[in-house]
Amino acid sequence: MDWQKGESSNNVEVDSGNGGGPRFGGGRMGIGGIVVLAILGWIFFKNPLALLDQGGGQTGAPTQSSQPAQVDPQQEDFVRRILGSTEKTWGDIFAAQGNAYVDPKLKLFSGGVDTACGAASTAVGPFYCPGDQKVYLDLAFFQELQNRFHASGDFARAYVIAHEVGHHVQKLTGVFDQVDAARRRGAPMDGADGLSVRQELQADCYAGVWANRTQARLQWLHPGDVESALNAASQIGDDTLQQQAQGRVVPDSFTHGTSAQRVKWFKTGLNSGDMAQCNTFAGEP
């Protein structure tokens, strides 16, 4: 992947480590089971505390103290260019619809970080907080992505960022509010047909839309790059992770979709380049 072709973003922040000591965050429970938040969060590419704010409760998990982010200049450049490419892609898509795209911020941190959705530690992995419209990323996760999930390659890493930006698109288009309203009416969040799964699969689809549009503009992918992103999507399916962790699959506790579903919806966005094709809330997810 010739990621250097990407437009560099000015919206990347590096955490100074001034804050982020142990405390508790508030919001809605979206992954199910406060006891396992810290264990499951980093697996599922989303901060469980960020999910909490749709439920109105005041519950959460303590984090470790933050420290100044240790950021390699080349890694920071990579993040800036991937984020910049999402800004260009979604800016063009929103403009074509007569809307203005508001760029999210992306904060790089190490150890722990304070957010508008509560405090979070490295353990929860990359996540998006709708409260402050920021993506949070500890670059150490990329090594974990390679070592634990056997998902290597620049495009696999780019997919992770694009997925979280997909949640920002959902925030701007009102999906977060609609999901919260449905939850308040009693709609199930977790489970194979739950709203959490549908919301995550839509973010996967939006990542595919970004991949399609950005490739058309930059021609920056090499043979095998798309496969690396599809492999990453496959490795983080609920069924695959549950089978690895506990030797059995429990669909009632799904939050992000199966491996097949994640691949399906990423490919839907990738093949179409059309966000209108990403309605994961209609029919079977």
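Residues numbered from 1 in each chain as written. Predicted model: local features only at pLDDT ≥ 70, side-chain atom pairs only at ≥ 80, totals over all residues. Heavy atoms only, no water.

Another point: the packing of helix 3 (residues 73–96) against helix 7 (residues 195–218). Where helix 3 contacts helix 7, the axes come no closer than 9 Å and their chain directions differ by 95 degrees. Judged by the inter-axis angle, helix 3 sits roughly perpendicular to helix 7. Here helix 3 contributes I82, S85, T86, K88, T89, W90 and I93 to the contact with helix 7, which in turn contributes Y206, V209, W210, R213, T214 and R217. When grouped by side-chain class, the residues that make up the contact of helix 3 with helix 7 number six nonpolar, four polar and three charged. (Axes fitted to C-alpha atoms, helices over the stretch in contact; angles between N-to-C directions. Helix = DSSP H or I, 4+ residues; strand = E, 2+ residues; numbered from the N terminus. Parallel < 35°, antiparallel > 145°, perpendicular 65-115°, else oblique. Contact = heavy atoms within 4.5 Å. Nonpolar A, V, L, I, M, F, W, Y, C, P; charged D, E, K, R; others polar.)

Strands sit in the order 1-2-6-5 across an open sheet of four strands; the sheet is mixed. Two strands close off the open sheet at either side, each with one partner strand: strand 1 (12–14) and strand 5 (127–129). Mean inter-strand twist for the sheet, computed between neighbouring axes without regard to direction, equals 25 degrees. With four bridges connecting them, strand 2 (residues 105–108) and strand 6 (residues 134–137) associate as parallel partners. Considered in strand 6, the bridge of K107 is made with Y136. On the sheet, helix 5 (residues 154–173) packs against strand 2, strand 5 and strand 6 and is oriented at approximately 20 degrees with respect to strand 5. (Pairing = 2+ DSSP bridges.)

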